[in-house]
Amino acid sequence: MNVRWNGQFSCFDLVAKSDACSRVVVTVGDIEIGGSDFVVMAGPCAVESERQLMQTAEAVAAAGARILRGGAYKPRSSPYSFQGLGVAGLKLLRKAREATGLAIVTEVMSEEDVNLIAEYADIMQVGARSMENYALLHALGRCERPVLLKRGLTATLEELLRSAQVIAMSGNPQIILCERGIRTFETATRNTLDISAVPVLKTVSRLPVIVDPSHAAGVRSLVPVLARAATVVGADGLIVEVHPSPDRALSDGDQSLTFGQFRNMMVDLQPYLALQKDARSLRPQLLVAEGAEW
Ligand code: PEP
Ligand code: MN
């Protein structure tokens, strides 16, 4: 137990790591997040059309993704931007699941939409801008779907875990944490990927942790290398934006990978994932040697 961190975070008893509790494995059908697999979620920022979604679903499934992402309700920086297709988008996500067998993760922005979206989604995504929407978090605590909780733009890890504790206190322990970059003084990237968040969260909490390299980078050329970094620091998976024609995307095109780039990224990650597996089998010795926690 790390004295500093566990002293700081142990008040979040339902999500904090303790000797008495094993790690949370979030289960979606036959997919386990937080177990031994590295789970990749991929798809467009927003569901735009049947053709766009179906093509993307087929392409990411063929490249090894297990979960399809796609927003039907979009929190946009500008009120004049595309706001999402709403229920029509949810119906397309269901269709894509039927066609490919991929599970679905999609964002919920309001507590009023929780029951509706839970009919279509396998995982309920809380966006960075909603991390402290406590009415939403309470409603998600009562819904019987796993929750993907993204770190707020300016949220500390303590604040992220506080939000996770709120969901768990309302009855839902199936929570995945997501590091998606935070706002700093740096402007070369859209956000600053806080790579140390991954090992810190894995040390202090019992929840699975994934990385979103797309919203961290803001540009597609950086996405594969940040994904690689995520595997090496022990993330349990990724959520990545992919689009059939990123330059024509209605949102986040600059950071979306083409199908070919996504395929290449998945191949590029394999040796790093194999290294992680080896490291994991050596970990019991390392734990003794270094007092490490994860
Ligand atoms: C998204 O996943 O498309 C999104 C809006 O992400 P974030 O909430 O992390 O900005
Ligand atoms: Mn996006």
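This is a predicted model, so every value here is computed, not measured.

A.B. asks: Explanation requested: the overall build of the protein in the structure shown.
C.D. replies: Tallying secondary structure elements over the protein gives 10 helices and 10 strands in all. For the protein, the C-alpha radius of gyration of 18 Å lies close to 19 Å, the compact-globule estimate for 294 residues. Dimensions along the principal axes, computed over C-alpha positions, put the protein at roughly 55 × 40 × 40 Å. Within the protein, buried positions represent 55% of all 294 residues. Excluding contacts between residues fewer than 6 apart, the proportion of contacts in the protein whose partners are at least 24 apart in sequence is 71%. A total accessible area of about 12600 Å² is found for the protein, and carbon and sulfur atoms account for 53% of it. Taking the 30 positively charged and 32 negatively charged side chains of the protein as two groups, their mean positions are separated by 3 Å.

A.B. asks: Whenever I open this one, the site of ligand 1 confuses me. Can you help?
C.D. replies: Every residue close to ligand 1 is listed here: Cys45, Arg69, Lys74, Glu107, Gln125, Gly127, Ala128, Arg129, Lys150, Arg180, His215 and Glu241. Arg69 is positioned such that a nitrogen or oxygen atom in its side chain is 2.8 Å from an oxygen atom of ligand 1. A distance of 2.7 Å separates an oxygen atom of ligand 1 from a polar side-chain atom of Arg180. Protein coverage of the free-state accessible area of ligand 1, which is 300 Å², stands at 98%. Partitioning the shell around ligand 1 into residue classes produces two nonpolar, three polar and seven charged.

A.B. asks: What exactly am I supposed to notice about the side chain of Gln125 here?
C.D. replies: Structurally, Gln125 can be placed in strand 6 (residues 123-126). Setting aside its immediate chain neighbours within four residues, Gln125 contacts Arg69, Val105, Thr106, Glu107, Val108, Leu148, Lys150 and Ile239.

A.B. asks: I keep staring at the coordination of the manganese ion (ligand 2) and nothing clicks. Help me out?
C.D. replies: Tetrahedral metal sites with four donors have an ideal angle of 109.5 degrees; octahedral sites with six donors have ideal angles of 90 or 180 degrees. For the manganese ion (ligand 2), the full set of protein donor atoms is Cys45 (SG), His215 (NE2), Glu241 (OE) and Asp252 (OD), and the range of their distances to it is 2.0 to 2.4 Å. Mapping the donors of the manganese ion (ligand 2) onto the primary sequence yields the spacing C-x169-H-x25-E-x10-D. Here Glu241, found in strand 10 (residues 237-241), pairs with Asp252, found in the loop between strand 10 and helix 10 (259-290); they are 11 residues apart in sequence, far enough to count as distant. Each of the two residues, Glu241 as well as Asp252, counts as buried.

A.B. asks: Can you help me understand the pairing of strand 10 in this one?
C.D. replies: On any regular strand, side chains alternate: one points to one face of the sheet, the next to the other face. In terms of burial, strand 10 is largely enclosed, as five of its five residues are buried. Of the two faces of strand 10, both are covered, the one formed by Gly237, Ile239 and Glu241 as well as the one formed by Leu238 and Val240. Bridging between strand 3 (residues 39-43) and strand 10 involves five bridges; their strand directions are parallel. Pairing of Val39 across the sheet is with Gly237, part of strand 10.

A.B. asks: Explain the side chain of Asp122 to me, please; I cannot follow it from the model alone.
C.D. replies: Here Asp122 lies in the loop between helix 4 (114-118) and strand 6. Asp122 sits in the buried class, given a relative accessible area of 17%. There is a polar contact of 2.8 Å between the side chain of Asp122 and the side chain of Arg97. Of the polar contacts made by the side chain of Asp122, one reaches the backbone nitrogen of Ile104; its length is 2.7 Å. Those residues in contact with Asp122, other than ones at most four positions away along the chain, are Val28, Arg97, Ala103, Ile104, Arg145 and Pro146.

Cut-offs used in this document
Residues numbered from 1 in each chain as written. Chains lettered and ligands numbered in written order. Predicted model: local features only at pLDDT ≥ 70, side-chain atom pairs only at ≥ 80, totals over all residues. Heavy atoms only, no water. Helix = DSSP H or I, 4+ residues; strand = E, 2+ residues; numbered from the N terminus. Rg over C-alpha atoms; globule rule 2.2 N^0.38 Å. Buried < 20%, exposed > 50% of the residue type's maximum accessible area, 1.4 Å probe, protein only. Contact = heavy atoms within 4.5 Å. Areas by Shrake-Rupley, 256 points an atom, 1.4 Å probe, with all protein chains shown as cover. Lys, Arg positive; Asp, Glu negative; His and termini not counted. Charge placed at Lys NZ, Arg CZ, Asp CG, Glu CD. Near = heavy atom within 4 Å. Polar contact = N/O pair within 3.5 Å; in protein donor to acceptor, adjacent residues only side chain to side chain. Nonpolar A, V, L, I, M, F, W, Y, C, P; charged D, E, K, R; others polar. Donors = N, O, S within 2.8 Å, 3.2 Å for Na, K, Ca; no water. Pairing = 2+ DSSP bridges.

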